[in-house]
Amino acid sequence: MRTNDTPRRRLFSVVWLAALLLLGLGACTVRTAPPPTPPTPLAEPAPEFDRLFQRTGDGWTGGDGTLSVALPDGRTAWLFGDTLLGTVAPDQTRSEHTPFIHNSLVVQNGLALETRHGLHGGLPGAFFANPSEGEWFWPGDGTVQAGRLQLFLHRFRLDAPELWAWRWTGTALATLSLPGLKLIATTPAPSDNDILYGVCILETETHTYIYGTQDQQQPKEAHVARAAAGHLQAAWRYFDGRKWSDQSQASAPILTGVSTQYTVIQVRQDFYLFSMDGRVPFSDRIVAYRSRAPTGPWQGPQTVYQAPEANTQIAAYNPFAHTQFSARGQVLVSYNVNHISDPDALFRDATIYRPRFIRVNLIELERRFRTQEK
């Protein structure tokens, strides 16, 4: 019996050993080829803010600009340029009689939005009335100083009855009361060097930096001036590429290839500038630059987000950071969407002319810039 059983045992042992080897090799194969870890995205949509501005009636239902200022009582004043009011139908269409005004304020208190606009001749009008016949104001950035809200207003004029035929003619500084947001005064702001100042404000302990755009050439250039902290209406000094000058004509560009509106924020010791990639017309890419100083030099660009709405007919433009909504190493950034050639499209589809929001991962952005340095 033992003699007859030995080959069976040997055969069983060989088969068992082979099975163990196969299992072991399989296990080794799984362990040595794990699935790749997807890269951390630099930005993701912020749908809660998209929904907040998907309004269908009772005031603002569409617009661009989309700047904001945090108010001392916890509210936020949203600043819009061209604005559509009235009612949006369930099929997302607008009546051809929908009121259209050149600027508005939308005051956010929690999840509640209240539209502020003017009345002219009994009809809805711009919150900031036209400065003269044929001219209007589009808001720039703002800040709270000395218990009042101060906002830059950019004055524009239409030179021909067609799209994109407007031109900037000057800048003013509006002062509003708090908490009532009543207009107190509008005074001229520096604008004698063809720079559209006030597209963005950056405040530090010692200075208020006022960023501007040379908007009359391509690609557009960023410039910067500054005033003493808390004294926006005091004398400005202009960065000439090396130092600060009291001569506005000495201003030199700090970066080329920005959008008309861009935004600069400070994160610890670094400064980040967010813009559309203005090196090419109608870019769909939001990019970021980094610097150790508010004047540059700027490292980048780093592509942050590609606007999915943008195509040959739809433009994405003018990003802006809303730092009061920053959380967990992320900053909220908006960008605007509009039809390039057909203004009637905004009446056929109300979803076009509304801001979109993303959250930018500042930790990942810093990591990528540091990797780029190596």
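Residues numbered from 1 in each chain as written. Predicted model: local features only at pLDDT ≥ 70, side-chain atom pairs only at ≥ 80, totals over all residues. Heavy atoms only, no water.

Quick look at the overall build of the chain
Line of reasoning, step 1. Broken down by element type, the chain carries four helices and 27 strands.
Line of reasoning, step 2. With respect to the principal axes defined by its C-alpha atoms, the chain has extents near 115 × 55 × 40 Å.
Line of reasoning, step 3. Relative to its full complement of 374 residues, the chain shows a buried share of 50%.
Line of reasoning, step 4. Of the roughly 18,700 Å² that the chain leaves accessible, carbon and sulfur atoms contribute 55%. (Helix = DSSP H or I, 4+ residues; strand = E, 2+ residues; numbered from the N terminus. Buried < 20%, exposed > 50% of the residue type's maximum accessible area, 1.4 Å probe, protein only. Areas by Shrake-Rupley, 256 points an atom, 1.4 Å probe, with all protein chains shown as cover.)

Things to note about a nonpolar patch on the surface
Line of reasoning, step 1. Together, L163, W164 and F282 make up a nonpolar patch on the protein surface, roughly 340 Å² of accessible area in all.
Line of reasoning, step 2. The exposure class of W164 is partly exposed, given its relative accessible area of 48%. (Patch = residues over 30% accessible without salt bridge, like charges linked within 9 Å, V, L, I, M, F, W, Y side chains within 5 Å. Salt bridge = Lys/Arg side-chain N within 4 Å of Asp/Glu carboxyl O.)

Overview of the nonpolar core
Line of reasoning, step 1. F274, V304, V360 and L365 are the most contacted members of the largest nonpolar core, which totals 33 residues.
Line of reasoning, step 2. The element contributing the most residues to this core is strand β25 (residues 314-327), with five residues.
Line of reasoning, step 3. Apart from the residues within four sequence positions on either side, V304 is in contact with L42, A43, F274, I286, V287, A288, V360 and L365.
Line of reasoning, step 4. The next biggest cluster of nonpolar side chains, apart from the first, holds 24 residues, and it includes V199, L202, I254 and L255. (Core = buried A, V, L, I, M, F, W, Y, C linked by side-chain atoms within 4.5 Å. Contact = heavy atoms within 4.5 Å.)

Side note on the pattern of salt bridges
Line of reasoning, step 1. Taken as a whole and judged by the stated rule, the model has 19 salt bridges.
Line of reasoning, step 2. Across the pair E135 and R155 runs a salt bridge whose closest N-O atoms are separated by 3.5 Å. With E135 in strand β11 (residues 135-145) and R155 in strand β12 (residues 148-158), the pair connects residues that are 20 residues apart, well separated along the chain.
Line of reasoning, step 3. Overall, E135 belongs to the buried group, its relative accessible area being 9%.
Line of reasoning, step 4. The exposure class of R155 is partly exposed, given its relative accessible area of 22%.
Line of reasoning, step 5. When the shortest N-O distance is used, the salt bridge between E364 and R368 registers 2.8 Å.

Side note on the sheet that holds β11
Line of reasoning, step 1. Strand order across the open sheet formed by four strands is β11-β12-β13-β14, with antiparallel pairing between neighbours. Because the sheet does not close on itself, it has two edges, and the strands there are β11 and β14 (183-188). For this sheet the average axis-to-axis angle between neighbouring strands, irrespective of direction, equals 30°.
Line of reasoning, step 2. Bridge count between β12 and strand β13 (residues 166-176): 10 bridges; the pairing is antiparallel. (Pairing = 2+ DSSP bridges. Axes fitted to C-alpha atoms, helices over the stretch in contact; angles between N-to-C directions.)

A look at the packing of aromatic side chains
Line of reasoning, step 1. Going through the model one piece at a time under the given rule, you end up with 22 aromatic pairs.
Line of reasoning, step 2. With centroids separated by 4.6 Å and ring planes inclined at 45°, the aromatic side chains of W138 and F156 adopt a geometry described as tilted. Taken together, the positions of W138 in strand β11 and F156 in strand β12 put the pair 18 residues apart, joining distant regions of the chain.
Line of reasoning, step 3. Through pairs of rings, three or more aromatic residues link up here, namely F49, F53, W60, W78, F80, F325 and F357. (Phe/Tyr/Trp six-rings, centres within 6.5 Å; stacked < 30°, edge-to-face > 60°.)

Some words on the confidence of the model for the chain
Line of reasoning, step 1. For the chain, the average pLDDT comes to 90, and 90% of its residues sit at 70 or higher.
Line of reasoning, step 2. This model gives residues 1-29 a pLDDT under 50, and the stretch forms zero contacts once residues within four places in sequence are excluded. (pLDDT = per-residue confidence, 0-100.)

Things to note about the side chain of T98
Line of reasoning, step 1. Within the fold, T98 resides in the loop between β5 (83-84) and β6 (100-101).
Line of reasoning, step 2. There is a polar contact of 2.6 Å between the side chain of T98 and the backbone oxygen of S95. (Polar contact = N/O pair within 3.5 Å; in protein donor to acceptor, adjacent residues only side chain to side chain.)

Regarding the side chain of D270
Line of reasoning, step 1. With respect to the secondary-structure elements, D270 resides in strand β22 (residues 270-276).
Line of reasoning, step 2. For D270, a relative accessible area of 5% corresponds to the buried category.
Line of reasoning, step 3. Polar contacts involving the side chain of D270 include one to the side chain of R292, which spans 2.7 Å.
Line of reasoning, step 4. Those residues in contact with D270 that lie beyond four places of it in its chain are I265, R290, S291, R292, E366 and R370.

What about the sheet that holds strand β7 (residues 104-109)?
Line of reasoning, step 1. Across the sheet, four strands lie side by side as β3-β4-β7-β8; this open sheet has antiparallel pairing. The outermost strands of the open sheet, each flanked by one partner alone, are β3 (67-70) and β8 (112-116). Each neighbouring strand pair of the sheet contributes to a mean axis angle of 25°, computed without reference to strand direction.
Line of reasoning, step 2. The pairing of β3 with strand β4 (residues 76-80) spans four bridges and is antiparallel. Pairing of A70 across the sheet is with T76, part of β4.

A closer look at unusual backbone geometry
Line of reasoning, step 1. With an omega dihedral of 5°, the bond running from L178 to P179 counts as a cis peptide bond.
Line of reasoning, step 2. Within the secondary structure layout, P179 lies in the loop between β13 and β14.
Line of reasoning, step 3. Residue G300 is joined to P301 through a cis peptide bond whose omega torsion reads 10°.
Line of reasoning, step 4. Along the polypeptide, P301 turns up in strand β24 (residues 299-306).
Line of reasoning, step 5. The phi dihedral of L181 falls on the positive side, at around 60°, and the residue is not glycine.
Line of reasoning, step 6. Summarising the element assignment, L181 is placed in the loop between β13 and β14.
Line of reasoning, step 7. Positioned with a positive phi, D194 is a non-glycine residue whose angle comes to about 65°.
Line of reasoning, step 8. If you trace the backbone, D194 turns up in the loop between β14 and β15 (196-203).
Line of reasoning, step 9. Assessed through its relative accessible area of 42%, D194 is described here as partly exposed.

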